[in-house]
Amino acid sequence: MKHPSSSPYALSDPKSGPPDRKRKRLSRRVSSEDPTKQQTLQSLLAGTQKAQSSAAPTSPSSKRLKPDSTASTTPSKTLARGEMYSFASRSPVSNGNGVVDLTNGSPPSSPQARRMTGPLKSRPGFSAHSGTKKLVVKNLKTNSTWDSKAYLEKIWGQLDEALAIIFKDGKDGFSKEDLYRGVENVCRQGGASTLFSRLDSRCRQHVERDVREPLLEKAGSDNVTVLKAVLAEWTRWKQQMLIIRAIFFFLDRSYLLPSSKPTLSELTPQLFRELVFSYDSLKPKTVDGACDLVAEERLGNAKLDQGSFKQAVDMFHELQVYTASFEPQFLGATQQYVAEWSDEMIMDKSVPQYVAIAEAYIADEMARCEEFALDASTRRDLLALLEDHFVVRKETDLTEYEALAPLLDNGAMTDMTALYALLDRRRLGTKLKPAFVKWVDETGTGIVFGKEDDMVTDLLSLKRRLDLTWRTAFQRDALLGQALRETFESFMNKTKKGDATWGTDNTKVGEMIAKYVDQLLRGGAKAIPDVLTTRRASSINAPPKGVVLPTAAQIAEEENNEDDDMDEDAEINTQLDQVLDLFRFVHGKAVFEAFYKKDLARRLLMARSASADAERSMLTRLKTECGSGFTQNLEQMFKDVELAREEMLSYRQRLEDRIGFEKGKNIDLSVNILSAAAWPTYPDVAVVIPANVKKAIDDYELHYKSKHTGRKLDWKHALAHCQMKANFRKGTKELVVSSFQAVVLLLFNGVGEDEHITYNHILTESGLPEAEANRTLQSLACAKLRPLTKHPKSRDIAPTDTFTLNPDFSHPKYRVKINQVQLKETREENKETHIRVAEDRNFECQAAVVRILKGRKTIGHQELVAETIKATVARGVLGVADIKRNIERLIEKDYMERIEGGMYSYIA
């Protein structure tokens, strides 16, 4: 076959020159061909053109008709695959079978023969239906012989040499690009499987011989040395495989990735894990070496080799042996160490020290897990392990009374916070309840049965400290908070028949709370103990530009005039709230009511209340807490004072309207009319009233009875007080004294400075009982302020003593308050109050029993006792023996009777 350029059917080469130049060359060649052949082609083309022209429309404007699809046509013959490249020949040159052989050496017809010089139909020798001719195209070149196996061996030889260099840590002597091309060609020729098997075998041979064998020689060394050697070989192996993967990248992506075989990135840890790490003499030492690094730091022998440990953890992750091999061994070694170490620490250290050490150790272990990216499962199991040994197994040592009591005694808030936080890791904070309750009960009981004067102050201080402990250290634990309240309620209602309660089972706490409230309401904020005072800290920031701050004197004056009052009211309200918290725990509120009523009466009658608002505020609190029935008499006392004030205004107006009334010559009398049912009962103390005072009293009584008929006035001189002027050498003073003190002082009018008055004379002239006379003389002659002088000087009053006026009495103030004995409760009054409360409690118990029987008709003994306790708990519960005694009294009074079966029946 000739060159394609000499054939009219040769295709143009895209890489050849411009098509116009080629067409010129072809035209010149065609013109030199045989004219007979050209004519033949022209005749063929002419016949074709004639056939086409006969089917075409005659008018150029006529439309082209679509061939009729229904026309009968001869079905074409189906060609075989060999005939698909055979074409009909338009050349007369044929091999006799109608096939044109392009390989024939005869020149083809000239291209000029195909030029149409006229209608094809007029050309002779052309037949449009002469049949189909075939064109056979044969290969221009013969296939060259190619040996893929020889090429594979050639490339593998180059790769093997390169692998040998790589395994010796060499980087020169081979071209990565050429090797990559060789691997690519082999893979494209179907040699990928063979190439991978040879690479796998070569790598295994290298790992077994060049990696494992040197490590086995070091297997006799210590664990850390073996670990470091394995880490070095692992790092070296990864670097080698990184280069190999770059060379065999086409094999990795095109053959290994789609198949089930491991990729080169997976083959790297797989070979090392199977041939090196899993070897019997290397695996235990490698894992133990990583654990030994941590163990050395725990023991304090050496600082942790962070680089080696991090590489070890990363290697375990990459080899996929972390969970199966390293984690169990690491947790096991940790458990063994922590078990021994925690037992040693709990024996040698105090509880606060142990808690601090345990928290620090747990924090260090968790920080190590975070720093070296240990698995979440390791952190979880490690934390559970540490909490189990540090907390759960040491629960008894951490929650016993001997461990918690010193912390509560010293108020070690930080240590208690740490202790509770450690226990609360396993929800064991509530296990402190027994020790906490025991300490609170013992401490509170000691206060209740201890010194009476400081009882309420100590209880408030204890309550404040324990509340702070519960909020801060115990994180508001609900169970501990409930235990705290129950324990306070328990020890505050403990009773003990003794001298303090005059043989009754009354609680002393109710009495002392009432006296503490009286102290607050009489003295105001100044009466608050320092340990209970809450100081307000204030600071002045830098003023804006143009603003002038007041001077220190102005600030002090303003604070004294306004802020102090506000602070005192807030301080008193705060203290009253705290006292009310204690009051809620008291069952025997009848004791509190009795003493509070007596103290309130003294404050109202003697005008000793520091703040009327505070009095009203306390009354409102009591009404909210105990109900209106509890405060009914107290509210009536306030009403009586208001009504008495209005009555005094009416009396003074009447005095001013009288004829002959001279203002200033008569006594300025002030009287309080009180309801006997609402106020406490006071004994009648005999006393000789001065004549002018007696006249004023009689005049007021006449005025009152003229307005209110049928009422009887009973004068209580023991509660009276007065103001009187006294002249001394150093000046005149106005003395504020009680009525008894005034009666005694008036006996010294007109008596010389050196004239003595005997005790018996004072007793006779004043008409006071001996006990009252002794108290009055002691307050005038033996107290800090002494308008009288006692002879001889001593603290006690004797019948042989004499008294003189003290002419040298002096005081920086004009008005001087002498100690008023009425403000102090005597032992007899205290005893009387306790006994009266105890008797009232018995009556209340009997009334409760009758109400229960009236509603139930019949009831058993145990049930009756339980119902009685429940009904009287608010006012004060009697003992079971006292309840039984009251039941016997009711049986004697025919309110109830015993029936068969140990039952009680109500008698209507």
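Not measured: the values here are computed from a predicted model. (Residues numbered from 1 in each chain as written. Predicted model: local features only at pLDDT ≥ 70, side-chain atom pairs only at ≥ 80, totals over all residues. Heavy atoms only, no water.)

1. Quick look at the overall build of the protein
Phase 1 of the analysis: Per the secondary structure count, the protein includes 31 helices and 11 strands.
Phase 2 of the analysis: For the protein, the residues scored as buried account for 39% of the 908 residues in total.
Phase 3 of the analysis: At a minimum sequence separation of 6, the contacts of the protein that also span at least 24 residues come to 74%.
Phase 4 of the analysis: As displayed, the protein offers around 51,500 Å² of accessible surface, 51% of which is attributable to carbon and sulfur atoms. (Helix = DSSP H or I, 4+ residues; strand = E, 2+ residues; numbered from the N terminus. Buried < 20%, exposed > 50% of the residue type's maximum accessible area, 1.4 Å probe, protein only. Contact = heavy atoms within 4.5 Å. Areas by Shrake-Rupley, 256 points an atom, 1.4 Å probe, with all protein chains shown as cover.)

2. A few points about the sheet that holds strand β10 (residues 896-899)
Phase 1 of the analysis: One open sheet accounts for 3 strands, arranged β9-β11-β10; its pairing is antiparallel. Two strands lie at the open edges of the sheet, namely β9 (858-860) and β10, each paired on one side alone. Adjacent strand axes in the sheet meet at a mean angle of 30°, parallel and antiparallel pairs treated alike.
Phase 2 of the analysis: The pairing of β10 with strand β11 (residues 903-906) spans 4 bridges and is antiparallel. Its bridge partner being in β11, E897 is matched across the sheet by S905.
Phase 3 of the analysis: Lying over the sheet, helix α30 (residues 861-872) contacts β9, β10 and β11, oriented at roughly 95° with respect to β9.
Phase 4 of the analysis: Across the sheet, helix α31 (residues 880-892) is in contact with β10 and β11; its angle to β10 comes to roughly 100°. (Pairing = 2+ DSSP bridges. Axes fitted to C-alpha atoms, helices over the stretch in contact; angles between N-to-C directions.)

3. Regarding the environment of K261
Phase 1 of the analysis: By the secondary structure assignment, K261 is in the loop between α7 (249-256) and α8 (264-277).
Phase 2 of the analysis: Exposure remark for K261: the relative accessible area of 31% places this residue in the partly exposed category.
Phase 3 of the analysis: Remark: the alpha-carbon pair of K261 and F196, spanning 65 residues in sequence, is separated by 9.6 Å.
Phase 4 of the analysis: In this structure, K261 is in contact with S193, F196, Y255 and L256, ignoring residues within four places of it in sequence.
Phase 5 of the analysis: A distance of 2.8 Å separates a polar atom in the side chain of K261 from a polar atom in the side chain of Y255. (Polar contact = N/O pair within 3.5 Å; in protein donor to acceptor, adjacent residues only side chain to side chain.)

4. Thoughts on unusual backbone geometry
Phase 1 of the analysis: Along the chain, H791 connects to P792 via a cis peptide bond; the corresponding omega equals -10°.
Phase 2 of the analysis: Within the element layout of this structure, P792 appears in the loop between β6 (788-791) and β7 (802-805).
Phase 3 of the analysis: Within the chain, D169 stands out as a residue other than glycine whose phi angle is a positive 65°.
Phase 4 of the analysis: Not every positive phi belongs to a glycine, and Q320 is a case in point at roughly 60°.

5. Things to note about the nonpolar core
Within soluble globular proteins, side chains that are nonpolar tend to cluster in buried spots.
Phase 1 of the analysis: F248, F326, F390, F488, M492, I513 and Y596 are the most contacted members of the largest nonpolar core, which totals 160 residues.
Phase 2 of the analysis: If one sorts the elements of this core by residue count, helix α6 (residues 223-247) sits on top with 11 residues.
Phase 3 of the analysis: Setting aside its immediate chain neighbours within four residues, M492 contacts V448, L459, T507, V509, I513, L582, F585 and V586.
Phase 4 of the analysis: Formed by 28 residues, the second largest nonpolar core is a distinct cluster that contains A726, L777, F809 and I818. (Core = buried A, V, L, I, M, F, W, Y, C linked by side-chain atoms within 4.5 Å.)

6. Regarding helix α3 (residues 148-167)
Each turn of an α-helix holds 3.6 residues, which means side chains three or four residues apart point in the same direction.
Phase 1 of the analysis: The terminal C-alpha atoms of α3 lie 28 Å apart, and with 20 residues this matches the ideal 28 Å at 1.5 Å per residue to within 8%.
Phase 2 of the analysis: Of the positions making up α3, those classed as buried are Y151, L152, I155, W156, L159, A162, L163, I166 and F167. Mapping the buried residues of α3 onto a view down its axis gives an arc of 125°, with all of them on the same face. Looking at α3, the residues exposed on the side facing more than 90 degrees away from the buried face are K154 and E161.
Phase 3 of the analysis: Where α3 begins, the side chain of D147 points an oxygen toward the backbone nitrogen of K149, at a separation of 3.3 Å. (Expected span 1.5 Å × (residues − 1). Arc of directions from axis to C-beta.)

7. Here we look at the pattern of salt bridges
Phase 1 of the analysis: Under the defined criterion, the tally for this structure stands at 51 salt bridges.
Phase 2 of the analysis: For K716, the salt bridge goes to D684, with nearest N and O atoms at 2.5 Å. Here D684 lies in the loop between α24 (628-657) and α25 (691-707) and K716 lies in the loop between α25 and β3 (721-728), a separation of 32 residues in the sequence.
Phase 3 of the analysis: The exposure class assigned to K716 is partly exposed, which follows from its relative accessible area of 27%.
Phase 4 of the analysis: Here R729 ties to E753 by a salt bridge, and the two come within 2.5 Å at their closest N and O atoms. With R729 in the loop between β3 and β4 (731-738) and E753 in the loop between α26 (739-746) and β5 (757-758), the pair connects residues that are 24 residues apart, well separated along the chain.
Phase 5 of the analysis: Where salt bridges share partners, they join E297, R298, E365 and R368 into one cluster. (Salt bridge = Lys/Arg side-chain N within 4 Å of Asp/Glu carboxyl O.)

8. Regarding the sheet that holds β3
Phase 1 of the analysis: Read from one edge to the other, the open sheet built from 3 strands follows the order β3-β4-β8, with strand pairing classed as mixed. Strands with a single pairing partner mark the edges of an open sheet, and in this sheet they are β3 and β8 (815-817). Averaged over all pairs of adjacent strands, the angle between their axes in this sheet comes to 30°, without regard to strand direction.
Phase 2 of the analysis: The sheet strands contacting α26 are β3 and β4, and the helix crosses β4 at an angle near 135°.

9. Thoughts on helix α15 (residues 401-410)
Phase 1 of the analysis: Listed as buried for α15 are A403, L404, A405, L407 and L408.
Phase 2 of the analysis: Where α15 is buried, its residues contact α12 (351-371), α14 (395-399), α16 (413-424), α17 (433-448) and α18 (455-473).

10. As for the packing of α6 against α8
A pair of packed helices is characterised by two quantities: the angle between their axes and the separation of those axes.
Phase 1 of the analysis: Two elements in contact, α6 and α8, have axes whose closest approach is 10 Å; the angle formed by their N-to-C orientations is 155°. What the angle tells us is that α6 and α8 run roughly antiparallel. Of the two possible hands of crossing, α6 and α8 adopt the one that is right-handed. Facing V230, E233, W234, W237, K238, M241, I244 and R245 of α6, the residues of α8 in contact are L264, S265, T268, P269, L271 and F272.
Phase 2 of the analysis: Taken together, the residues of the contact of α6 with α8 break down into 9 nonpolar, 2 polar and 3 charged. (Parallel < 35°, antiparallel > 145°, perpendicular 65-115°, else oblique. Left-handed = near helix turned anticlockwise from the far one by under 90°. Nonpolar A, V, L, I, M, F, W, Y, C, P; charged D, E, K, R; others polar.)

11. Side note on the environment of F809
Phase 1 of the analysis: For F809, the location among the structural elements is in the loop between β7 and β8.
Phase 2 of the analysis: The exposure class of F809 is buried, given its relative accessible area of 4%.

12. Some thoughts on the pairing of β7
Phase 1 of the analysis: Examined bridge by bridge, β5 and β7 share 2 bridges and lie antiparallel to one another. Within β7, the position partnered with I757 by the bridge is F803.
Phase 2 of the analysis: Of the pairings in the sheet, the one linking β6 to β7 comprises 4 bridges and is antiparallel in character. Across the sheet, H791 pairs through a bridge with T802, a residue of β7.

13. Quick notes on the side chain of K463
Phase 1 of the analysis: Along the chain, the position of K463 falls in helix α18.
Phase 2 of the analysis: For K463, a relative accessible area of 14% puts it in the buried group.
Phase 3 of the analysis: Filtering out sequence-adjacent residues up to four positions away, K463 remains in contact with F488, L582 and F585.

14. Some details on the packing of aromatic side chains
Phase 1 of the analysis: Scanning all chains against the criterion turns up 25 aromatic pairs.
Phase 2 of the analysis: Taken together, the ring pairs connect F277, F309, F316, Y322, F326, F330 and F372 into an aromatic cluster.
Phase 3 of the analysis: If you follow K438 out to its NZ or CZ, it ends over the ring of Y401, 4.4 Å from the centre.
Phase 4 of the analysis: The aromatic ring of F583 is capped on one face by K589, whose charged end is 5.1 Å from the ring centroid. (Phe/Tyr/Trp six-rings, centres within 6.5 Å; stacked < 30°, edge-to-face > 60°. Lys NZ or Arg CZ within 6 Å of the ring centre and 35° of its normal.)

15. Some thoughts on the confidence of the model for the protein
Phase 1 of the analysis: On average, the protein scores 79 in pLDDT, and the residues at 70 or more come to 77%.
Phase 2 of the analysis: Low pLDDT (under 50) marks residues 1-79, which in the prediction has 89 contacts with non-local residues, meaning those over four places away or in another chain. (pLDDT = per-residue confidence, 0-100.)

16. Some details on the packing of helix α22 (residues 589-605) against helix α23 (residues 612-626)
Phase 1 of the analysis: One can describe the packing of α22 onto α23 by two numbers: an axis separation of 13 Å at closest approach and a directional angle of 160°. Judged on the interaxial angle alone, α23 and α22 are roughly antiparallel. Of the two elements, α22 crosses α23, and the hand of that crossing is left-handed. Facing K589, F592, Y596, L600 and R603 of α22, the residues of α23 in contact are E615, M618, L622 and C626.

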